[in-house]
Amino acid sequence: MLNMLVIATTNQNKLKEFKEILKDLDIEIRSLADFGPIPEVIEDGETFDDNAYKKAWQTAKVLGLPTIADDSGLVVDALDGAPGVYSARYSGENATDEENVTKLLSELKGVKNRKAHFQCVLSIAVPSGPALTYEASCEGTIIDDKRGDNGFGYDPIFYFEEFDKTFAQLSMEEKNKVSHRGKALAQVKAEVHQIKKWLDQRLFEEKPPKPDHAEFINNDWSEK
Ligand code: ITT
């Protein structure tokens, strides 16, 4: 019987949003911090879907547990969809949120069309490979002046008309109700019973994952 789901993200702000939304489910939620270091997942997919699946499946394989991951980002109409899957490293590897925002605003200098949306693809994978996918987006406008201190990433310049605020001016609860990740996770919550059944079947059918033989080199079993 499925009783545990791992959230595979290294982004602490995302993790907080995930945990808040999934907190009242009857499933034990674990994060990567609950395990020892695991190999980094290289996000080299061309789509949010590719990357979400890669993060979820690779983590599920390594830990031998069902895993949920998302790939998300900002899609700006006037920039042909950039930064898109490159949102986290728009101004270079290990870029800070501040640097990414600065680069985006400089690319949009003098541009009138400020339409954009956040996109989120969630993948729930089992170690043997099959996965469920959920997708959601949230429309907004990019503004030049940063507003608000909450959230992360591009939140201070993502203006959400319905609330007349940027995402960084919303509480986490407010943001989770309307955001791309919040909406995708709401679908997961709505289908949690079917998802549990689906995971139970896959986990029951599959053989336990084989441990990497390298783990056992130099391992002294004599006392075990
Ligand atoms: P993980 O891959 O470990 O989950 P990450 O931050 O690298 O963490 P992504 O590859 O999915 O995650 O990149 C998402 C980037 O898109 C993120 O770093 C932000 O720059 C932006 N982004 C995604 N969701 C956002 C949100 O709700 N608010 C603001 N920016 C967001």
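Residues numbered from 1 in each chain as written. Predicted model: local features only at pLDDT ≥ 70, side-chain atom pairs only at ≥ 80, totals over all residues. Heavy atoms only, no water.

In this structure the tally under the stated criterion is one cavity of 30 Å³ or more. In this structure, the largest cavity encloses a volume near 50 Å³. Every residue lining the largest cavity is listed: Leu 5, Leu 22, Leu 25, Ile 27, Ile 124, Val 188, Val 192, Ile 195 and Leu 199. It is helix H6 (residues 192-205) that contributes the most residues to the lining of the largest cavity, three residues altogether. Partitioning the lining of the largest cavity into residue classes produces nine nonpolar, no polar and no charged. (1 Å grid on protein atoms, 1.4 Å probe; cavity = no way out; pocket = protein on both sides within 12 Å on 5 of 7 lines; lining within 4 Å. Points joined across faces, edges and corners; volume = space filled by probe spheres on them. Helix = DSSP H or I, 4+ residues; strand = E, 2+ residues; numbered from the N terminus. Nonpolar A, V, L, I, M, F, W, Y, C, P; charged D, E, K, R; others polar.)

This next bit is on H6. Between its first and last C-alpha atoms H6 spans 20 Å; for 14 residues at 1.5 Å apiece the expected length is 20 Å, and the two agree. Contact partners of the buried residues in H6: strand S4 (115-125), strand S5 (131-142) and helix H5 (180-190). (Expected span 1.5 Å × (residues − 1). Contact = heavy atoms within 4.5 Å.)

This part covers the state of the cysteines. Applying the stated criterion to the full structure yields zero disulfides. Lacking any disulfide linkage, Cys 120 is separated from the closest cysteine sulfur, that of Cys 138, by 11 Å. Exposure remark for Cys 138: the relative accessible area of 2% places this residue in the buried category. (Disulfide = S-S within 2.5 Å. Buried < 20%, exposed > 50% of the residue type's maximum accessible area, 1.4 Å probe, protein only.)

Take the layout of surface pockets next. When its volume is computed, the largest pocket comes out at roughly 1200 Å³. Together, 44 residues line the largest pocket, and Thr 10, Asn 11, Glu 43, Lys 55 and Ala 88 are the ones closest to its centre. Counting residues per element, the lining of the largest pocket draws most heavily on strand S3 (residues 67-76), at four residues. A per-class count over the lining of the largest pocket returns 18 nonpolar, 15 polar and eleven charged. Considered as a void within the structure, the second largest pocket measures approximately 160 Å³ in volume. Lining the second largest pocket are Glu 20, Ile 21, Lys 23, Asp 24, Glu 173, Asn 176, Lys 177, Gly 182, Ala 186 and Lys 189. Secondary-structure elements contributing two or more residues to the lining of the second largest pocket are helix H1 (12-22), helix H4 (172-178) and H5. The residue makeup of the lining of the second largest pocket, split by class, is two nonpolar, two polar and six charged.

This next bit is on the side chain of Lys 175. Topologically, Lys 175 is positioned in helix H4. Given the relative accessible area of 3%, Lys 175 is considered buried. A distance of 2.9 Å separates polar atoms of two side chains, one belonging to Lys 175 and the other to Asp 155. Contacts of Lys 175, omitting those with residues within four sequence positions, involve Glu 17, Phe 152, Asp 155, Phe 167 and Leu 170. (Polar contact = N/O pair within 3.5 Å; in protein donor to acceptor, adjacent residues only side chain to side chain.)

Here we take up the pairing of S5. Only one face of S5 is buried, namely the one carrying Leu 132, Tyr 134, Ala 136, Cys 138, Gly 140 and Ile 142, since none of Ala 131, Thr 133, Glu 135, Ser 137, Glu 139 and Thr 141 on the opposite face is buried. Here eleven bridges tie S4 to S5, and the two strands are oriented antiparallel to one another. Within the sheet, the bridge partner assigned to Ile 124 lies in S5 and is Leu 132. Taking the residues that link successive antiparallel strands as the turn, the S4-S5 hairpin has five residues, and the phi of Gly 129 there is positive, at about 125°. Bridge analysis of S5 against strand S6 (residues 158-160) gives two bridges, and the strand direction is antiparallel. What sits directly across from Thr 141, in S6, is Tyr 159. (Pairing = 2+ DSSP bridges.)

So far we have only geometry, and geometry alone does not tell us how the molecule works.
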